[in-house]
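# Summary of the model geometry
Given next are the chains, with one letter for each unit.
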Amino acid sequence: MSKYAIAIHGGAGTILKSTMTPEKELAYKKSLQDAINAGETVLKKDGRALDAVEMAIRSLENDPLFNAGCGAVFTNDGKNEMDASLMNGKDLAAGAVAGVMHIKNPISLARGVMDKSDHVLLTGAGAIEFAKKINAEFADDAYFFVQMRYDQLEAAKKENKIVMDHNDDKEKKFGTVGAVALDVHGDIAAGTSTGGMTNKKFGRVGDSPIIGAGTYANNKTCAISCTGHGEFFMKAVVAYDISCLMEYKGLSLKEACNIVVMDKLVKIGGEGGLIALDAKGNIELPFNSDGMYRASKKSGEEMFIGIYR
Ligand code: ASP
């Protein structure tokens, strides 16, 4: 059994080696490595899985390469509305925010909801009011402006499409970020953070801030963070479904992940993937798309970093 373990993702989708430059690939790998290191620093010092998840996700949110935090995609009216959630497997404590703007680290605001409110999910203006009350860190529009994301919005508007974080049909990426971790105390946790879909309207919210859909953690079963076409992940209640298959059917983490990602989701057209671990330190990183930015590390083992299938 591993003393501790951590896995992260930076989104799934049509990530093809043919459209990747060596420089870009190196930059992604470095970012994934930094995020694992941020989480592992906590775990190494016998810290909590929940803190490791928050730290790893903050690292990815602070990186413009990913569709979360400063790299969040644009809504139809040129705003950055972000969603995030996290859950503690020990006591099922959970916190989430949806449709928040100008929050530097949405995952830490979700943590604030978990720790400092009686609620699980806060949205929009109310979530911002709460963020001010707990002194969350705010950032201005310039911090969230990434030219590549703005170009994606312009292209999506031209085609009148609501799209996942992608440049064109050949390169479709879901740049959401997430982390799952097991600490030396035997507790597991999961978290997810995203800007959602480019050109989204009407306060659209995906699976990422929905406990049970995009994020779930229970010491008895598993910790899960999803990335992909959120509408399908919500309909399939993906994260909780994997937990249920383990709890009620006695399936292993691997078996449960395979059924949900490679069969159930595929049958309804749900493209994407997820990261999963259990309290024994088993890790699964399944995806039904061409690729998924992913990395994992178990205590005493080498780090794994993957991008393509
Ligand atoms: N699942 C996210 C959403 O639908 C998108 C992603 O994973 O990139 O909002």
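The notes below deal with the structure included here.

Moving on to the sheet that holds strand E10 (residues 223-228). As summarised here, the arrangement of the four strands in space is E9-E10-E11-E12, forming an open sheet in which the pairing is antiparallel. Single-partner strands in this sheet number two, and they are strand E9 (215-217) and strand E12 (283-284). Note that E9 and E10 share three bridges and pair antiparallel. By the bridge assignment for E10, Thr215 is matched with Ser225. Each of strand E11 (272-277) and E12 touches helix H9 (residues 253-268); the most contacted strand, E11, lies at about 165° to it.

One way to put it is that helix H2 (residues 49-61) packs onto helix H3 (residues 106-116) with a least axis distance of 8 Å and a crossing angle of 150°. Compared by their axis directions, H2 and H3 come out roughly antiparallel. Residue-level contacts link Leu50, Asp51, Glu54, Ile57, Arg58 and Glu61 of H2 to Pro106, Ile107, Ser108, Arg111 and Met114 of H3. Across the contact of H2 with H3, the residue classes tally to five nonpolar, one polar and five charged.

A few words on the pattern of salt bridges. Note that side chains of opposite charge can pair when their charged atoms are close. What the rule picks out here adds up to 12 salt bridges. Residues Glu247 and Lys220 are paired through a salt bridge, measuring 3.2 Å at the closest nitrogen-oxygen approach. Note that Glu247 is positioned in helix H8 (residues 238-249) and Lys220 in the loop between E9 and E10, a separation of 27 residues in sequence. Here Lys254 and Glu284 are joined by a salt bridge, their closest N and O atoms 3.9 Å apart. Taken together, the residues Lys254 in helix H9 and Glu284 in strand E12 connect sequence positions 30 residues apart. Classification of Lys254 as partly exposed rests on a relative accessible area of 48%.

This part covers the site of the ligand. By nearness alone, every residue bordering the ligand is listed as Phe174, Gly175, Thr176, Gly196, Arg204, Gly206, Asp207, Ser208, Thr227, Gly228 and Gly230. The side chain of Arg204 places a nitrogen or oxygen atom 2.8 Å from an oxygen atom of the ligand. Within the side chain of Thr227, a nitrogen or oxygen atom sits 2.8 Å from an oxygen atom of the ligand. Relative to its unbound accessible area of 270 Å², the ligand is 100% covered by the protein chains.

This paragraph deals with the pairing of strand E1 (residues 5-13). Summarising burial for E1: nine of the nine residues are buried, a large majority. Bridge count between E1 and strand E13 (residues 291-298): seven bridges; the pairing is antiparallel. Residue Ile8 lies in a different strand from E13, and its bridge partner there is Ala295. Note that E1 and strand E7 (residues 177-182) share five bridges and pair antiparallel. When the sheet's bridge partners are listed, Ile8 is paired in E7 with Ala179.

Rules of the game
- Throughout, a residue's number is its position along its own chain's written sequence, starting from 1.
- Thresholds applied to this predicted model are a pLDDT of at least 70 for local features of residues and 80 or more for the giving and counting of side-chain atom pairs; totals over whole chains, interfaces and linings are not thresholded and use all residues.
- No hydrogens and no water enter the side-chain calculation; it runs on all heavy atoms of the structure.
- In this analysis, strands are considered paired if DSSP registers two or more bridges between them.
- A helix here means a DSSP run of H or I that spans at least four residues, while a strand means a run of E at least two residues long, and both kinds are numbered starting from the N terminus.
- Pairs of residues are marked as contacts when any of their non-hydrogen atoms sit within 4.5 Å.
- Angles here are taken between N-to-C directions and fall from 0 to 180 degrees, while the axes themselves are lines fitted to C-alpha atoms, restricted in helices to the stretch in contact.
- Between 65 and 115 degrees an angle is taken as roughly perpendicular, under 35 as roughly parallel, over 145 as roughly antiparallel, and anywhere else as oblique.
- When residue character is reported, Ala, Val, Leu, Ile, Met, Phe, Trp, Tyr, Cys and Pro are called nonpolar, Asp, Glu, Lys and Arg charged, and the others, Gly included, polar.
- Salt bridges are defined by distance alone: a side-chain nitrogen of Lys or Arg within 4 Å of a carboxyl oxygen of Asp or Glu.
- Only protein chains enter the accessibility calculation, which uses a 1.4 Å probe; a residue whose area is less than 20% of its type maximum is buried, one above 50% is exposed, and one in between is partly exposed.
- For this description, a residue counts as near a given molecule or strand if any of its non-hydrogen atoms is within 4 Å of it.
- Pairing of N or O atoms within 3.5 Å defines a polar contact, subject to two protein rules: one partner must be a possible hydrogen donor and the other a possible acceptor, and residues neighboring in sequence count only if both atoms are side-chain atoms.
- Exposure was quantified through the Shrake-Rupley algorithm and a 1.4 Å probe, taking into account, for residues, occlusion by the shown protein chains and nothing else.

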